[in-house]
Amino acid sequence: MGNSKKDIGFSLHTVLAMNPHNQQILGCMTLEPFIRQLAPVGETKVERKKRERESHVWEESVRQIGRVPEHHQWIYVSDSGSDVYTFWQTCEDLGYDACVASGPGS
């Protein structure tokens, strides 16, 4: 919500559970609001790596949902914004299978 340099607004990262057999939405697993931060003028690479970044929302959503139960398979389908090593590592650590879906504009 909001889309100007003065009033950036916020986004809501939503993770839904879906039955793959009939594509029925089972419910919302987690909601993670975040505010896109503009990079400060003159920010160095070291400073950028220390700043909270939008890409962390993917990793945080997996941590909030938690470990995949034994004898289950959960596949986290995401867009190109999730193409971050720490997200993939977190998925592996918690037992998720994951794939990046690409589409128009990706």
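What counts and what doesn't
Residues numbered from 1 in each chain as written. Predicted model: local features only at pLDDT ≥ 70, side-chain atom pairs only at ≥ 80, totals over all residues. Heavy atoms only, no water. Buried < 20%, exposed > 50% of the residue type's maximum accessible area, 1.4 Å probe, protein only. Helix = DSSP H or I, 4+ residues; strand = E, 2+ residues; numbered from the N terminus. Arc of directions from axis to C-beta. Contact = heavy atoms within 4.5 Å. Salt bridge = Lys/Arg side-chain N within 4 Å of Asp/Glu carboxyl O. Phe/Tyr/Trp six-rings, centres within 6.5 Å; stacked < 30°, edge-to-face > 60°. 1 Å grid on protein atoms, 1.4 Å probe; cavity = no way out; pocket = protein on both sides within 12 Å on 5 of 7 lines; lining within 4 Å. Points joined across faces, edges and corners; volume = space filled by probe spheres on them. Nonpolar A, V, L, I, M, F, W, Y, C, P; charged D, E, K, R; others polar.

**Q** Can you lay out helix α3 (residues 85-94) for me, pointing to particular residues and giving the numbers?
**A** By the burial criterion, the buried members of α3 are Phe87, Thr90, Cys91 and Leu94. Looking down the long axis of α3, one finds its buried residues gathered within 100° of arc, a one-sided arrangement. More than 90 degrees from the buried face of α3, the exposed residues found are Tyr85 and Glu92. Buried residues along α3 sit against α2 (56-65), β3 (75-78) and β4 (97-100).

**Q** Any chance you could break down α2 for me, citing the residues and the numbers?
**A** Of the residues making up α2, those classed as buried are Val57, Trp58, Glu59, Ser61, Val62 and Ile65. Buried residues in α2 make contact with β1 (11-18), β2 (25-34), β3 and α3.

**Q** Tell me about the pattern of salt bridges, residues and numbers included.
**A** If you walk through the whole model with that rule in mind, you get 1 salt bridge. Two residues, Arg63 and Glu59, come together in a salt bridge whose shortest N-O distance is 2.9 Å. Taken together, the positions of Arg63 and Glu59, both in helix α2 and 4 residues apart, correspond to about one turn of that helix.

**Q** How would you summarise the packing of aromatic side chains if you had to cite specific residues and measurements?
**A** Throughout the structure, instances matching the rule amount to 6 aromatic pairs. Ring geometry for Tyr76 and Tyr96: centres 6.5 Å apart, planes at 65°, overall edge-to-face. Within this pair, whereas Tyr76 is found in strand β3, its partner Tyr96 is found in the loop between α3 and β4, the two being separated by 20 residues in sequence. When sorted by exposure, Tyr76 lands in the same class as Tyr96, which is buried. Taken together, Trp58, Trp74, Tyr76, Phe87, Trp88 and Tyr96 form an aromatic cluster joined through their ring pairs.

**Q** Give a description of the layout of surface pockets that names residues and reports values.
**A** When its volume is computed, the largest pocket comes out at roughly 660 Å³. Every residue lining the largest pocket is counted, 19 residues in all, and those nearest its centre are Leu16, Ala17, Met18, Ile75 and Tyr76. Tallying contributions element by element places β1 first for the lining of the largest pocket, with 6 residues. Per-class residue counts for the lining of the largest pocket are 14 nonpolar, 5 polar and no charged.

**Q** Give me the environment of Thr86: which residues, what numbers.
**A** Within the secondary structure, Thr86 is located in helix α3. It is 9.4 Å that separates the C-alpha atoms of Thr86 and Ser55, two residues lying 31 residues apart in sequence.

**Q** Before we move on, can you summarise the environment of Ala17 with the specific residues and values?
**A** Looking at the element boundaries, Ala17 is found in strand β1. In sequence terms Ala17 and Gly27 are 10 residues apart; their C-alpha atoms lie 5.4 Å from each other. Leave out the neighbours within four places in its chain, and Ala17 touches Gln24, Ile25, Leu26, Gly27 and Met29.

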